[in-house]
Amino acid sequence: VLRSLGIPTRVITNFNSAHDRNINLSIDKYVDISGKTLHLTEDSVWNFHVWNESWFIRRDLGSFYDGWQVLDATPQERSKGIYQCGPASTRAIKEGDVNLDYDSSFVFAAVNADYVTWICYSNKRKERIYSDTRKIGKFISTKAVGTNSRVDVTANYKYPEVKEISFKISYSQYKNSLMDDRKILVTAV
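Attention here is on the structure that accompanies the text. Quantities reported herein were computed from a predicted structural model and do not represent experimental measurements.

### Quick notes on the side chain of S105
With respect to the secondary-structure elements, S105 resides in helix α2 (residues 104-112). S105 has contacts with I23, L25 and V98, leaving out every residue within four places of it along the chain.

### Comments concerning the nonpolar core
Core analysis: the biggest nonpolar cluster contains 13 residues, and V70, I93, V107 and Y157 have the highest contact counts within it. The element contributing the most residues to this core is α2, with three residues. Excluding its chain neighbours within four sequence positions, the residues that come into contact with I93 are V70, A88, S104, V107, F108, V111 and Y157. Ranked by size, the runner-up nonpolar core spans six residues in total, among them A18, I27, A109 and I136.

### Quick look at the pairing of strand β1 (residues 9-19)
β1 sits mainly inside the fold: eight of its 11 residues count as buried. Pairing analysis gives 10 bridges linking β1 to strand β4 (residues 44-56), with the strands arranged antiparallel. Note that in β4 the partner of I12 across the bridge is W51. Two elements, β1 and strand β11 (residues 138-143), share two bridges in a ladder whose sense is antiparallel. Across the sheet, the residue bridging to T13 is S141, located in β11.

Thresholds, definitions, all that
Residues numbered from 1 in each chain as written. Predicted model: local features only at pLDDT ≥ 70, side-chain atom pairs only at ≥ 80, totals over all residues. Heavy atoms only, no water. Helix = DSSP H or I, 4+ residues; strand = E, 2+ residues; numbered from the N terminus. Contact = heavy atoms within 4.5 Å. Core = buried A, V, L, I, M, F, W, Y, C linked by side-chain atoms within 4.5 Å. Buried < 20%, exposed > 50% of the residue type's maximum accessible area, 1.4 Å probe, protein only. Pairing = 2+ DSSP bridges.

Take a look at the structure:
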């Protein structure tokens, strides 16, 4: 419909798409001490989810948020009392501006939530035992104009994941670093 009105519109597919029911920006999984999954949340991760983007000027939010806007024709949650999603600025999503109207927090979670595993003990205490910041929002894609090729638009939604840098040091370097720590501790006392 939007294309027929002359508004640029494209289909977006998000793989490992989070469905954050409680809008805490994480997908929480709970297990008991034996590792059995406890069904304490309605959060989930879908293999993929599809929505549309349309190009709008955002006078309501300011020119910083102009550009591609997420519109989901199949929303699974109510927003302001009705089933709707968007228009959420992809710029707001990338920048983490989750307090804006139009479901930016829900879309942010869909592409960038942390996947957190909690262990629940019998005394109602829970402990975070695992967090994966890279699982959600993979290969966010659209179709190329004029071909059947995939265009990766992940960078429109999130910054690149920080890569862990591993390095090795010799035992003597490690031992010397401990000695330096002791010197600081003795000096501080």
